[in-house]
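Breakdown of the fold
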Amino acid sequence: IICMDSKPELRKRIRALRDGLAEDERRRHSALICDSLQQFCVSRRIHRIAAFWPIGSEVDLRGLVSARPDWSFYFPKVVSSSGPGGPRLAGDGCWL
């Protein structure tokens with residue numbers, strides 16, 4: 001049974017689960033996700049992808065980026081990586 005928590009509580013629980021994975025398990029899951037995304041995009045002729053660079057235990061999409069140099073990948077523009085909140089995105093909607 002899954003109970004709906006508030007968004008911050010849910011994020012905290014998911015982050016704790018991700019952080020609890022062993023590094024090799026995290027890499028394996030990232031590779032599986034990259035493979036699935038690639039198959040999905042190929043099947044629908046998608047070649048422009050909005051993505052993110054992994055921070056901490058987030059899914060690592062760099063394998064997909066490396067595997068598909070013929071696709072265009074768009075990353076959010078980070079304006080600061082220091083400060084109490086960590087990386088901060090540009091508020092102007094810019095993507096690199």
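What follows deals with the layout of surface pockets. Estimated volume of the second largest pocket: approximately 170 Å³. Lining the second largest pocket we find Glu-23, Arg-26, Arg-27, Ser-30, Ala-31, Cys-34, Pro-54, Gly-56, Glu-58, Asp-60, Arg-62 and Gly-63. For the lining of the second largest pocket, the secondary-structure elements that each account for two or more residues are α2 (23–43) and α3 (62–67). Residues that form the lining of the second largest pocket fall into these classes: 3 nonpolar, 3 polar and 6 charged.

Turning to the confidence of the model for the protein, a few remarks are in order. For the protein, per-residue confidence averages 87 on the pLDDT scale, and residues scoring 70 or more make up 78% of the total. α2 holds the highest mean pLDDT among the elements of the protein, 97, whereas strand β4 (residues 88–89) holds the lowest, 64.

This part is about the side chain of Arg-26. Here Arg-26 shows up in helix α2. At 3.4 Å, the side chain of Arg-26 and the backbone oxygen of Arg-18 are in polar contact. Sequence-distant contacts of Arg-26, that is, excluding residues within four places in its chain, are made with Arg-18, Asp-19, Leu-21 and Ser-57.

All right, on to the packing of aromatic side chains then. Each pair of aromatic rings is reported with the distance of its centres and the angle of its planes. As enumerated under the stated definition, the model contains 2 aromatic pairs in all. Here the aromatic rings of Trp-53 and Phe-75 are separated by 5.7 Å at their centres, their planes lie at 65°, and the arrangement is edge-to-face. With Trp-53 in the loop between β1 (48–50) and α3 and Phe-75 in the loop between β2 (72–74) and β3 (78–80), the pair connects residues that are 22 residues apart, well separated along the chain. The buried category is assigned to Phe-75, whose relative accessible area is 17%. Arranged with centres 6.3 Å apart and planes meeting at 40°, the rings of Trp-71 and Phe-73 form a pair that is tilted. In this pair, the class of Trp-71 matches that of Phe-73, namely buried.

Calculation rules
- The residue numbering used here restarts from 1 in each chain and proceeds along that chain's sequence as written.
- A pLDDT threshold of at least 70 governs which residues receive local features in this predicted model, and a stricter bar of 80 or more applies before side-chain atom pairs are shown or counted, although totals over entire chains, interfaces and linings include all residues.
- Side-chain figures throughout are based on the complete set of non-hydrogen atoms in the structure, without hydrogens or water.
- Think of a 1 Å grid over just the protein atoms. A cavity is a set of points where a 1.4 Å probe fits yet cannot get out, a pocket is an open set with protein on both sides within 12 Å along at least five of seven lines, and lining residues have an atom within 4 Å of a point.
- Grid points are joined across faces, edges and corners, and a volume is the space filled by probe spheres set on the points.
- The helix and strand labels rest on DSSP assignments: H or I over at least four residues marks a helix, E over at least two residues marks a strand, and numbering proceeds from the N terminus.
- The nonpolar class holds Ala, Val, Leu, Ile, Met, Phe, Trp, Tyr, Cys and Pro. Asp, Glu, Lys and Arg form the charged class, and all remaining residues, Gly among them, are polar.
- The predictor reports its confidence for every residue as pLDDT, a score running from 0 up to 100.
- Counting of polar contacts relies on pairs of N or O atoms within 3.5 Å, with two restrictions inside protein: one atom must be capable of donating a hydrogen and the other of accepting it, and residues adjacent in sequence are counted only when both atoms are side-chain atoms.
- What makes two residues a contact is simply this: any of their non-hydrogen atoms within 4.5 Å.
- Any Phe, Tyr or Trp ring, taking Trp's six-membered ring, that has another such ring centre within 6.5 Å forms a pair; planes under 30 degrees apart are called stacked, those over 60 apart edge-to-face, and the others tilted.
- Per-residue accessibility, obtained with a 1.4 Å probe over protein chains only, is compared with the maximum for each type, and a residue is labelled buried under 20%, exposed over 50%, and partly exposed between these values.

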